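Residue-level structural notes
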Amino acid sequence: MTLSPRQQGRRKDRLLFLGSGLLLVVFVLVGFAKAQRWGTRFVDIYIKASDVNGLNHGEDIRIAGIVAGQVGTMHLDDQGDVKVTLKIEENKAHLIGPSSKASLAKEGLIGEPYLVITADPRPREQAQEIQGRTIGYDEPINIDALLKELASSQQLLNLTLRNTTALTAENGSISTAFHSTRRLAESLQKEVTAAAPVVRESIASVAKDVHAVSQSTEAVEQDTRSFIQETQPLVVESLKDADQLTRSSQELIDILRHLFGSWLEPVNGGGEDVLEKQSSLTQEEQRIPRQERSPGG
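Residue numbers run consecutively from 1 along every chain, following the written order of its sequence. The predicted nature of this model means local features are confined to residues of pLDDT at least 70 and side-chain atom pairs, given and counted, to a pLDDT of 80 or more, with totals for whole chains, interfaces and linings taken over all residues. With hydrogens and water set aside, each side-chain value is computed from the structure's full complement of heavy atoms.

Helix numbering and strand numbering both begin at the N terminus, where a helix is a DSSP run of H or I of at least 4 residues and a strand a DSSP run of E of at least 2. In terms of helices and strands, the protein chain carries 5 helices and 7 strands. For every residue, the accessible area (1.4 Å probe, protein chains only) is compared with the maximum for its type, and the residue is labelled buried under 20%, exposed over 50%, or partly exposed between those bounds. Looking at the protein chain as a whole, 14% of its 297 residues are labelled buried. We call two residues contacting when some pair of their heavy atoms lies within 4.5 Å. Contacts spanning at least 24 positions in sequence make up 59% of the contacts within the protein chain whose residues lie at least 6 apart.

Here we take up the nonpolar core. Counting residues in each nonpolar core, the largest one holds 23 residues, and the members touching the most others are I47, L86, L115 and I117. Looking at this core, the elements that each hand over two or more residues are β1 (42-49), β2 (60-63), β3 (66-76), β4 (82-89) and β6 (113-117). Each residue touching I47, except ones within four places of it in the same chain, is listed here: L55, V82, K83, V84, L86, A102, L115, T134, I135, G136 and Y137. Residues grouped as a nonpolar core are buried Ala, Val, Leu, Ile, Met, Phe, Trp, Tyr and Cys residues, joined through side-chain atoms within 4.5 Å.

On to the sheet that holds β4, then. Taken together, the 7 strands give an open sheet; going across it, the order is β1-β4-β3-β2-β6-β5-β7, and neighbouring strands pair in mixed fashion. The sheet is open, and its two edges are formed by β1 and β7 (136-138), each paired on a single side. Going across the sheet, the axis of each strand differs from the next one's by a mean of 35°, ignoring polarity. Relative to β7, strand β5 (residues 101-106) runs parallel, the two being bridged by 3 bridges. What sits directly across from A102, in β7, is Y137. Between any two strands, pairing holds if DSSP finds at least two bridges. Helix axes are fitted only over the stretch in contact, all axes being lines through C-alpha atoms; the angle between N-to-C directions runs from 0 to 180 degrees.

Our focus in this paragraph is a positive patch on the surface. Nonpolar side chains (Val, Leu, Ile, Met, Phe, Trp, Tyr) within 5 Å and like charges within 9 Å form the patches, drawn only from residues with over 30% relative accessible area and no salt bridge. The protein chains shown are the only cover counted for residues, whose accessible areas, like all others here, come from Shrake-Rupley with a 1.4 Å probe. Each salt bridge in this description consists of a side-chain nitrogen of Lys or Arg and a carboxyl oxygen of Asp or Glu lying within 4 Å of one another. His is not counted, nor are the chain ends, whereas Lys and Arg count as positive and Asp and Glu as negative. Charge coordinates come from a single atom per side chain, which is NZ of Lys, CZ of Arg, CG of Asp or CD of Glu. Taken together, the side chains of R6, R10, R11 and R14 define a basic patch exposed on the protein surface. Tracing the backbone shows R14 in helix α1 (residues 5-36). Residue R14 is classed as exposed on the basis of its relative accessible area, which comes to 52%.

To continue, consider the pairing of β5. Where β5 lies against β6, 5 bridges are found, and the strand directions are antiparallel. Paired with S103 across the two strands is V116, which belongs to β6.

Below, the discussion takes up the packing of aromatic side chains. The aromatic pairing rule takes the rings of Phe, Tyr and Trp, using the six-membered ring of Trp, and pairs them if the centres are within 6.5 Å, calling planes under 30 degrees apart stacked, those over 60 edge-to-face and the rest tilted. For the structure on display, the rule yields 0 aromatic pairs. R62 extends its terminal NZ or CZ atom over the ring of Y114, reaching a point 4.1 Å from the ring centre. Charges are assigned to positions over rings by a cutoff of 6 Å between ring centre and Lys NZ or Arg CZ, combined with an angular limit of 35 degrees from the ring normal. We note K83 situated over the ring of Y46; from NZ or CZ to the ring centre the distance is 4.5 Å.

Before going further, it helps to spend a moment on a nonpolar patch on the surface. Together, I141, I143, L146, L147 and L150 line one region of the surface with nonpolar side chains, adding up to about 520 Å² of accessible area. As for its placement among the helices and strands, I141 is situated in the loop between β7 and α2 (143-167).

On to the layout of surface pockets. Definitions used for this entry: grid spacing 1 Å over protein atoms alone; cavity, a set of points where a 1.4 Å probe fits but cannot get out; pocket, an open set with protein on both sides within 12 Å along at least 5 of 7 lines; lining residue, one with an atom within 4 Å of a point. Grid points are joined across faces, edges and corners, and a volume is the space filled by probe spheres set on the points. Estimated volume of the largest pocket: approximately 380 Å³. Surrounding the largest pocket, D51, N53, G54, L104, A105, K106, P113, E139, P140, I141, N142 and I143 form its lining. If you tally residues by element for the lining of the largest pocket, the top one is β5, at 3 residues. Note on residue classes: Ala, Val, Leu, Ile, Met, Phe, Trp, Tyr, Cys and Pro are nonpolar, Asp, Glu, Lys and Arg are charged, and everything else, Gly too, is polar. Looking at the lining of the largest pocket residue by residue, the classes come out as 6 nonpolar, 3 polar and 3 charged.

With that settled, consider the environment of V43. For V43, the location among the structural elements is in strand β1. When neighbours within four sequence positions are excluded, V43 is seen to be in contact with L86, K87, I88, E90, A93, Q128, I130 and Q131.

Across the chain, the bulk of peptide bonds are trans and the bulk of non-glycine residues have phi less than zero. Backbone geometry at A64 places phi at a positive 55°, although glycine is not the residue there. By secondary structure assignment, the location of A64 is in the loop between β2 and β3.

Scored by pLDDT, the protein chain comes out at a mean of 77, with 79% of its residues at no less than 70. What pLDDT reports is the predictor's confidence in each residue, on a scale of 0 through 100. Across the protein chain, the element-wise mean pLDDT spans from 47 in helix α5 (residues 270-287) up to 90 in β4. Here residues 267-272 is a poorly scored stretch, pLDDT under 50, and it has 1 contact once near neighbours within four places are set aside; other chains count. In the model, residues 281-297 has pLDDT below 50 throughout and makes 3 contacts with residues more than four positions away in sequence or in other chains.

This next bit is on the side chain of H94. Checked against the element boundaries, H94 lands in the loop between β4 and β5. Using a relative accessible area of 10% as the deciding quantity, one classes H94 as buried. At 3.4 Å, the side chain of H94 forms a polar contact with the backbone oxygen of N91. Setting aside residues no more than four positions away along its own chain, H94 makes contact with D120, P121, R122, P123, R124 and A127. The definition of a polar contact used here is a pair of N or O atoms within 3.5 Å, where within protein one atom must be able to donate a hydrogen and the other to accept one, and adjacent residues in sequence count solely through side-chain atom pairs.

This part is about the side chain of R122. Tracing the backbone through its elements, the reader meets R122 in the loop between β6 and β7. Accessibility expressed as a relative area gives 16% for R122, which makes it buried. If we skip the residues at most four places from it in the chain, R122 touches A93, H94, I96, G97, P98, A127, E129 and I130.

This is the structure:
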């Protein structure tokens, strides 16, 4: 069946529309696959946070500024914490270790947010060991709480400035204290100026008295030394004479004791006298020669 030129034109338009639509679908699928990283192998790790404001599903994860994965699913547990799955590309998983930490960042002031993980490199063969582990997460600063603290600090600062202004005013406490201190210093200076001559004279008089006493003490010391030097020979001679007299007296006593010892010794009793007499007789008999003794006796 032969088609008219008009029908052939319509058929070409239909085929062109279908082809363009199919090509568009292919481009969309390729872009979606690229965005979702179809065909890429991932290693799943987790973070826990009390507030995940700023984190979104599919958000980029970067290590040292290079995209290394994306944010996965988020689940709220019974304690109110959010468990977030981080899908890390397998060929970059060895850059994450137990000491790695995640934090939220932005490209500039108003750019797109992304998640940053600090590197803790390990050998490539240990890349799968991080699978299923939970790493630390530094939650971003709460802007509302920061603004409230800033407002409170500003109020305290304003109060401090007002108090400082009141203290440093012309009639304030600090100025009054400065004036009182200046007056006290001036009074002390006047008193010191007035008392200085009297103190100087007193010190000079005391110095003179001390000097006089010192001279008197030196004179007494010299007199004492002279007296000792003069009397030392006499004292030595007197000691020698006393020692000689003591020896002479001792010799005289020994002589008298030797001559009159029996009369000078005290009587202790009859039995003791007999024993002493027998002892003296025995000594006398020992002195007599054997040939002079009688045969009977």
